[in-house]
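Chain and residue survey
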Amino acid sequence: MQNIRIAIQKSGRLSEDSIDLFKECGIKLDMGKGRLKSVSSNFNAEFLFLRDDDIPGYVEDGVADLGIVGENVLVESAKKVNLVKKLGFSKCRLSIAIPREESFEGPQSLQNKSIATSYPKLLSKYLKENGIKANIHEISGSVEIAPSIGLADAVCDIVSSGSTLLSNGLKEVQEIFKSEAVLIGNKNLSAENKSILEKILFRINAVQKAQDNKYILLNAPNDKLPEIINIIAGMKSPTVMPLAVEGWSSVHSVLEEKAFWEKIEALRNAGAQGILVIPIEKMIL
Ligand code: PRT
Ligand code: ZN
(Lines give C-alpha, C1' and ligand atoms only; values in the text may rest on other atoms or scores of the structure.)
(Ligands and ions follow the chains in the order given, each with its own letter.)
Protein backbone atom coordinates (compact mmCIF):
# COMPACT_ATOMS: atom_id res chain seq x y z
CA MET A 1 0.00 0.00 0.00
CA GLN A 2 1.31 3.47 -0.87
CA ASN A 3 2.00 6.16 1.71
CA ILE A 4 0.02 9.37 1.91
CA ARG A 5 2.39 12.38 1.82
CA ILE A 6 1.79 15.02 4.46
CA ALA A 7 3.54 18.40 4.41
CA ILE A 8 4.14 20.08 7.74
CA GLN A 9 6.13 23.16 8.74
CA LYS A 10 9.80 22.40 9.25
CA SER A 11 10.35 24.85 12.06
CA GLY A 12 8.11 27.57 13.34
CA ARG A 13 4.91 28.21 15.17
CA LEU A 14 3.00 25.32 13.57
CA SER A 15 5.64 22.60 13.82
CA GLU A 16 5.27 21.34 17.36
CA ASP A 17 1.47 21.27 17.41
CA SER A 18 1.38 19.58 14.00
CA ILE A 19 3.74 16.84 15.17
CA ASP A 20 1.86 16.47 18.46
CA LEU A 21 -1.43 16.09 16.60
CA PHE A 22 -0.10 13.10 14.64
CA LYS A 23 1.48 11.63 17.76
CA GLU A 24 -1.83 11.87 19.61
CA CYS A 25 -3.38 10.10 16.63
CA GLY A 26 -0.91 7.26 17.21
CA ILE A 27 1.02 8.04 14.01
CA LYS A 28 4.75 7.90 14.66
CA LEU A 29 7.03 10.29 12.86
CA ASP A 30 10.69 10.80 13.38
CA MET A 31 11.71 14.42 13.04
CA GLY A 32 15.47 14.31 13.28
CA LYS A 33 17.50 17.52 12.94
CA GLY A 34 17.86 18.72 9.37
CA ARG A 35 15.61 16.03 7.97
CA LEU A 36 13.42 16.90 5.02
CA LYS A 37 11.40 13.71 4.99
CA SER A 38 10.32 11.00 7.40
CA VAL A 39 8.38 7.78 6.84
CA SER A 40 6.06 6.72 9.65
CA SER A 41 6.96 3.34 11.12
CA ASN A 42 3.39 2.43 12.05
CA PHE A 43 1.07 4.17 9.55
CA ASN A 44 0.88 4.56 5.75
CA ALA A 45 2.21 8.11 5.81
CA GLU A 46 5.35 10.01 5.03
CA PHE A 47 6.04 13.53 6.15
CA LEU A 48 7.69 16.36 4.23
CA PHE A 49 9.13 19.19 6.34
CA LEU A 50 8.77 22.48 4.48
CA ARG A 51 8.42 26.25 4.89
CA ASP A 52 4.78 27.02 5.58
CA ASP A 53 4.47 29.36 2.58
CA ASP A 54 5.36 26.51 0.20
CA ILE A 55 2.83 24.03 1.60
CA PRO A 56 -0.35 25.16 -0.28
CA GLY A 57 1.51 25.06 -3.61
CA TYR A 58 2.96 21.61 -2.99
CA VAL A 59 -0.50 20.31 -2.03
CA GLU A 60 -2.09 21.90 -5.11
CA ASP A 61 0.56 20.30 -7.37
CA GLY A 62 0.19 16.93 -5.68
CA VAL A 63 3.82 16.80 -4.48
CA ALA A 64 2.12 16.42 -1.07
CA ASP A 65 -1.36 14.95 -0.63
CA LEU A 66 -2.13 16.74 2.65
CA GLY A 67 -0.63 19.66 4.55
CA ILE A 68 -1.02 21.76 7.65
CA VAL A 69 -0.85 25.57 7.35
CA GLY A 70 -2.33 28.68 8.89
CA GLU A 71 -5.60 29.66 7.21
CA ASN A 72 -4.02 33.09 6.61
CA VAL A 73 -1.29 31.51 4.47
CA LEU A 74 -3.80 29.27 2.70
CA VAL A 75 -6.16 32.10 1.71
CA GLU A 76 -3.34 34.47 0.78
CA SER A 77 -1.77 31.79 -1.43
CA ALA A 78 -5.00 31.47 -3.46
CA LYS A 79 -4.01 27.88 -4.26
CA LYS A 80 -6.74 25.47 -5.28
CA VAL A 81 -6.81 22.89 -2.49
CA ASN A 82 -9.50 21.53 -0.18
CA LEU A 83 -9.77 22.88 3.35
CA VAL A 84 -10.32 19.49 5.01
CA LYS A 85 -10.48 20.40 8.67
CA LYS A 86 -9.87 23.26 11.08
CA LEU A 87 -7.44 22.09 13.73
CA GLY A 88 -7.97 24.55 16.58
CA PHE A 89 -4.34 25.49 17.25
CA SER A 90 -2.11 28.45 16.21
CA LYS A 91 -5.06 30.78 16.50
CA CYS A 92 -4.34 34.37 15.50
CA ARG A 93 -5.87 37.26 13.60
CA LEU A 94 -4.85 39.52 10.74
CA SER A 95 -5.41 43.09 11.84
CA ILE A 96 -4.82 46.66 10.79
CA ALA A 97 -2.80 48.74 13.23
CA ILE A 98 -1.90 52.41 13.26
CA PRO A 99 0.42 54.60 15.37
CA ARG A 100 -0.92 54.82 18.92
CA GLU A 101 -1.48 58.59 18.88
CA GLU A 102 -3.63 58.54 15.75
CA SER A 103 -7.38 58.15 15.66
CA PHE A 104 -9.43 55.63 13.74
CA GLU A 105 -13.04 56.23 12.75
CA GLY A 106 -13.61 53.09 10.76
CA PRO A 107 -12.30 51.93 7.37
CA GLN A 108 -12.63 55.44 5.86
CA SER A 109 -9.68 56.51 8.06
CA LEU A 110 -7.52 54.39 5.73
CA GLN A 111 -8.56 56.29 2.58
CA ASN A 112 -5.44 57.16 0.50
CA LYS A 113 -3.13 55.91 3.26
CA SER A 114 -0.23 53.52 2.69
CA ILE A 115 -0.39 50.17 4.47
CA ALA A 116 2.52 47.75 4.85
CA THR A 117 1.69 44.04 4.85
CA SER A 118 2.77 40.52 3.90
CA TYR A 119 -0.87 39.77 3.08
CA PRO A 120 -1.71 41.94 0.04
CA LYS A 121 -4.57 39.73 -1.18
CA LEU A 122 -6.41 39.58 2.12
CA LEU A 123 -5.86 43.30 2.69
CA SER A 124 -7.03 44.37 -0.76
CA LYS A 125 -10.15 42.22 -0.38
CA TYR A 126 -10.98 44.04 2.87
CA LEU A 127 -10.30 47.48 1.33
CA LYS A 128 -12.40 46.67 -1.72
CA GLU A 129 -15.32 45.44 0.39
CA ASN A 130 -15.25 48.73 2.25
CA GLY A 131 -14.81 50.91 -0.83
CA ILE A 132 -11.41 52.20 0.31
CA LYS A 133 -8.51 53.15 -1.94
CA ALA A 134 -5.14 52.76 -0.26
CA ASN A 135 -1.56 52.00 -1.23
CA ILE A 136 -0.48 48.50 -0.33
CA HIS A 137 3.25 48.11 0.40
CA GLU A 138 4.06 44.45 0.24
CA ILE A 139 6.94 43.48 2.52
CA SER A 140 7.95 40.03 3.63
CA GLY A 141 8.94 40.57 7.26
CA SER A 142 9.24 43.04 10.17
CA VAL A 143 6.04 44.72 9.01
CA GLU A 144 5.56 46.33 12.43
CA ILE A 145 8.50 48.71 11.99
CA ALA A 146 7.14 50.21 8.72
CA PRO A 147 5.37 53.26 10.26
CA SER A 148 8.33 54.22 12.47
CA ILE A 149 10.76 54.25 9.51
CA GLY A 150 8.32 56.25 7.39
CA LEU A 151 7.53 53.43 4.97
CA ALA A 152 3.80 53.33 5.64
CA ASP A 153 1.01 54.99 7.62
CA ALA A 154 -0.41 51.72 8.89
CA VAL A 155 0.30 48.00 8.95
CA CYS A 156 -1.77 44.90 8.36
CA ASP A 157 -0.16 42.02 10.21
CA ILE A 158 -0.72 38.84 12.21
CA VAL A 159 -1.50 39.47 15.87
CA SER A 160 -1.78 37.04 18.69
CA SER A 161 -0.99 38.58 22.09
CA GLY A 162 -0.67 42.11 20.69
CA SER A 163 2.67 42.75 22.39
CA THR A 164 4.62 43.20 19.10
CA LEU A 165 2.29 46.02 18.07
CA LEU A 166 2.44 47.57 21.52
CA SER A 167 6.23 47.58 21.67
CA ASN A 168 6.35 49.26 18.25
CA GLY A 169 4.04 52.10 19.28
CA LEU A 170 1.09 50.74 17.31
CA LYS A 171 -2.51 49.96 18.22
CA GLU A 172 -4.77 47.36 16.68
CA VAL A 173 -7.84 49.07 15.20
CA GLN A 174 -9.49 46.56 12.89
CA GLU A 175 -9.44 42.78 12.67
CA ILE A 176 -9.88 41.67 9.06
CA PHE A 177 -9.36 37.89 9.21
CA LYS A 178 -9.41 35.17 11.88
CA SER A 179 -7.03 32.27 11.46
CA GLU A 180 -6.13 28.89 12.89
CA ALA A 181 -4.15 25.90 11.65
CA VAL A 182 -5.99 23.90 8.99
CA LEU A 183 -5.54 20.53 7.34
CA ILE A 184 -5.58 20.94 3.57
CA GLY A 185 -5.78 18.30 0.87
CA ASN A 186 -5.11 17.90 -2.83
CA LYS A 187 -8.31 18.11 -4.90
CA ASN A 188 -7.66 14.83 -6.73
CA LEU A 189 -6.66 12.33 -4.05
CA SER A 190 -6.52 8.72 -5.20
CA ALA A 191 -9.11 6.34 -3.76
CA GLU A 192 -6.37 4.79 -1.63
CA ASN A 193 -5.28 8.16 -0.24
CA LYS A 194 -8.89 9.11 0.41
CA SER A 195 -9.29 6.06 2.60
CA ILE A 196 -6.06 6.85 4.48
CA LEU A 197 -7.36 10.42 4.97
CA GLU A 198 -10.62 9.01 6.38
CA LYS A 199 -8.59 7.06 8.95
CA ILE A 200 -6.61 10.16 9.89
CA LEU A 201 -9.79 12.24 10.24
CA PHE A 202 -11.42 9.58 12.41
CA ARG A 203 -8.42 9.77 14.75
CA ILE A 204 -8.23 13.58 14.73
CA ASN A 205 -11.93 13.75 15.62
CA ALA A 206 -11.41 11.35 18.53
CA VAL A 207 -8.49 13.44 19.81
CA GLN A 208 -10.39 16.72 19.44
CA LYS A 209 -13.53 15.33 21.10
CA ALA A 210 -11.43 14.09 24.00
CA GLN A 211 -9.83 17.53 24.40
CA ASP A 212 -13.28 19.15 24.46
CA ASN A 213 -14.64 16.82 27.14
CA LYS A 214 -13.90 15.64 30.67
CA TYR A 215 -14.87 12.53 32.57
CA ILE A 216 -16.75 13.34 35.77
CA LEU A 217 -17.47 11.22 38.85
CA LEU A 218 -19.53 12.34 41.81
CA ASN A 219 -21.51 11.10 44.76
CA ALA A 220 -25.16 12.04 45.20
CA PRO A 221 -28.01 11.25 47.56
CA ASN A 222 -30.51 9.03 45.72
CA ASP A 223 -33.40 11.49 46.03
CA LYS A 224 -31.33 14.07 44.09
CA LEU A 225 -30.43 11.71 41.23
CA PRO A 226 -33.10 12.84 38.68
CA GLU A 227 -31.98 16.48 39.01
CA ILE A 228 -28.28 15.59 38.79
CA ILE A 229 -28.75 13.26 35.82
CA ASN A 230 -30.59 16.06 34.08
CA ILE A 231 -27.56 18.35 34.47
CA ILE A 232 -25.03 15.81 33.13
CA ALA A 233 -26.70 13.85 30.38
CA GLY A 234 -23.36 12.46 29.10
CA MET A 235 -22.77 10.51 25.89
CA LYS A 236 -25.87 8.32 26.19
CA SER A 237 -26.86 8.60 29.80
CA PRO A 238 -24.80 8.65 33.00
CA THR A 239 -23.70 5.49 34.77
CA VAL A 240 -25.28 5.26 38.24
CA MET A 241 -23.88 2.80 40.80
CA PRO A 242 -24.89 2.33 44.44
CA LEU A 243 -22.36 3.36 47.09
CA ALA A 244 -21.70 1.05 50.06
CA VAL A 245 -23.50 3.67 52.18
CA GLU A 246 -27.30 3.30 52.07
CA GLY A 247 -29.17 6.00 50.12
CA TRP A 248 -26.21 7.26 48.05
CA SER A 249 -25.02 6.63 44.50
CA SER A 250 -21.94 7.30 42.41
CA VAL A 251 -22.66 8.99 39.07
CA HIS A 252 -20.20 8.85 36.13
CA SER A 253 -20.56 10.91 32.99
CA VAL A 254 -18.87 13.02 30.32
CA LEU A 255 -18.98 16.79 30.45
CA GLU A 256 -18.23 19.34 27.75
CA GLU A 257 -15.32 21.57 28.70
CA LYS A 258 -17.04 24.80 27.61
CA ALA A 259 -20.03 24.35 29.94
CA PHE A 260 -17.80 22.98 32.66
CA TRP A 261 -17.89 25.53 35.51
CA GLU A 262 -21.59 26.30 35.18
CA LYS A 263 -22.42 22.62 35.38
CA ILE A 264 -20.15 22.04 38.37
CA GLU A 265 -21.96 24.85 40.21
CA ALA A 266 -25.35 23.45 39.29
CA LEU A 267 -24.25 19.98 40.46
CA ARG A 268 -23.08 21.33 43.82
CA ASN A 269 -26.32 23.23 44.26
CA ALA A 270 -28.22 20.05 43.47
CA GLY A 271 -26.42 18.20 46.28
CA ALA A 272 -23.51 16.47 44.50
CA GLN A 273 -20.41 15.76 46.60
CA GLY A 274 -16.90 14.42 46.07
CA ILE A 275 -16.79 15.60 42.46
CA LEU A 276 -13.78 14.25 40.49
CA VAL A 277 -12.94 15.50 37.01
CA ILE A 278 -10.55 13.49 34.85
CA PRO A 279 -9.08 14.18 31.38
CA ILE A 280 -10.10 11.83 28.59
CA GLU A 281 -7.39 10.45 26.32
CA LYS A 282 -9.50 9.49 23.28
CA MET A 283 -13.23 9.66 22.66
CA ILE A 284 -14.96 7.55 20.02
CA LEU A 285 -18.68 8.07 19.57
O1 PRT B 1 9.86 29.69 8.23
P2 PRT B 1 8.44 29.62 7.79
O3 PRT B 1 8.16 30.40 6.54
O4 PRT B 1 7.97 28.19 7.72
O5 PRT B 1 7.60 30.26 9.00
P6 PRT B 1 7.04 31.74 9.20
O7 PRT B 1 8.05 32.52 9.94
O8 PRT B 1 6.50 32.29 7.91
O9 PRT B 1 5.75 31.46 10.08
P10 PRT B 1 5.60 31.33 11.66
O11 PRT B 1 6.20 30.05 12.12
O12 PRT B 1 5.99 32.58 12.35
O13 PRT B 1 3.99 31.23 11.75
C14 PRT B 1 3.29 30.18 11.18
C15 PRT B 1 1.79 30.44 11.35
O16 PRT B 1 1.48 30.56 12.74
C17 PRT B 1 1.28 31.73 10.76
O18 PRT B 1 1.04 31.65 9.36
C19 PRT B 1 -0.01 31.95 11.54
O20 PRT B 1 -1.06 31.19 10.95
C21 PRT B 1 0.30 31.35 12.91
N22 PRT B 1 0.56 32.34 13.98
C23 PRT B 1 -0.03 32.32 15.20
C24 PRT B 1 1.38 33.40 13.93
C25 PRT B 1 1.29 34.04 15.18
N26 PRT B 1 0.41 33.34 15.96
C27 PRT B 1 2.10 35.22 15.44
N28 PRT B 1 2.02 35.76 16.53
N29 PRT B 1 2.21 33.87 12.98
C30 PRT B 1 2.96 34.95 13.23
N31 PRT B 1 2.95 35.65 14.39
C32 PRT B 1 3.87 36.82 14.48
C33 PRT B 1 3.34 38.08 13.79
O34 PRT B 1 3.72 38.09 12.43
C35 PRT B 1 3.98 39.20 14.57
O36 PRT B 1 5.31 39.44 14.13
O37 PRT B 1 4.10 37.19 15.82
C38 PRT B 1 4.07 38.62 15.95
C39 PRT B 1 2.83 39.02 16.72
O40 PRT B 1 2.70 38.27 17.89
P41 PRT B 1 2.15 38.96 19.23
O42 PRT B 1 1.94 37.81 20.17
O43 PRT B 1 3.21 39.91 19.68
O44 PRT B 1 0.85 39.65 18.87
ZN1 ZN C 1 6.49 31.47 6.19
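As a starting point, this report considers the structure included with it. These figures come from a predicted structure and were not determined experimentally. (Residues numbered from 1 in each chain as written. Chains lettered and ligands numbered in written order. Predicted model: local features only at pLDDT ≥ 70, side-chain atom pairs only at ≥ 80, totals over all residues. Heavy atoms only, no water.)

Among the residues of helix α8 (residues 260-269), F260, I264 and L267 are the ones counted as buried. What you see down the axis of α8 is that its buried residues fit within an arc of 65 degrees, all on one side. More than 90 degrees from the buried face of α8, the exposed residues found are W261, E262, E265 and N269. Backbone geometry just downstream of α8 places G271 in the positive-phi region, at approximately 105 degrees. (Buried < 20%, exposed > 50% of the residue type's maximum accessible area, 1.4 Å probe, protein only. Helix = DSSP H or I, 4+ residues; strand = E, 2+ residues; numbered from the N terminus. Arc of directions from axis to C-beta.)

This part covers the pattern of salt bridges. Taken as a whole, this structure holds 10 salt bridges when the rule is applied. Here K178 and E175 are joined by a salt bridge, their closest N and O atoms 3.1 Å apart. (Salt bridge = Lys/Arg side-chain N within 4 Å of Asp/Glu carboxyl O.)

Once that is clear, we can look at the sheet that holds strand β4 (residues 66-70). If you walk across this open sheet you meet the six strands as β2-β3-β1-β4-β11-β5, and the pairing is mixed. Two strands close off the open sheet at either side, each with one partner strand: β2 (37-39) and β5 (82-86). Across the sheet, the mean angle separating the axes of adjacent strands is 25 degrees when strand polarity is ignored. The pairing of strand β1 (residues 4-9) with β4 spans two bridges and is parallel. Of the residues in β4, the one forming a bridge with A7 is G67. Running at roughly 145 degrees to β1, helix α1 (residues 15-24) makes contact with β1, β3 (45-50) and β4 of the sheet. Running over the sheet, helix α6 (residues 191-212) touches β1, β4, β5 and β11 (181-185) and is turned about 25 degrees from β5. (Pairing = 2+ DSSP bridges. Axes fitted to C-alpha atoms, helices over the stretch in contact; angles between N-to-C directions. Contact = heavy atoms within 4.5 Å.)

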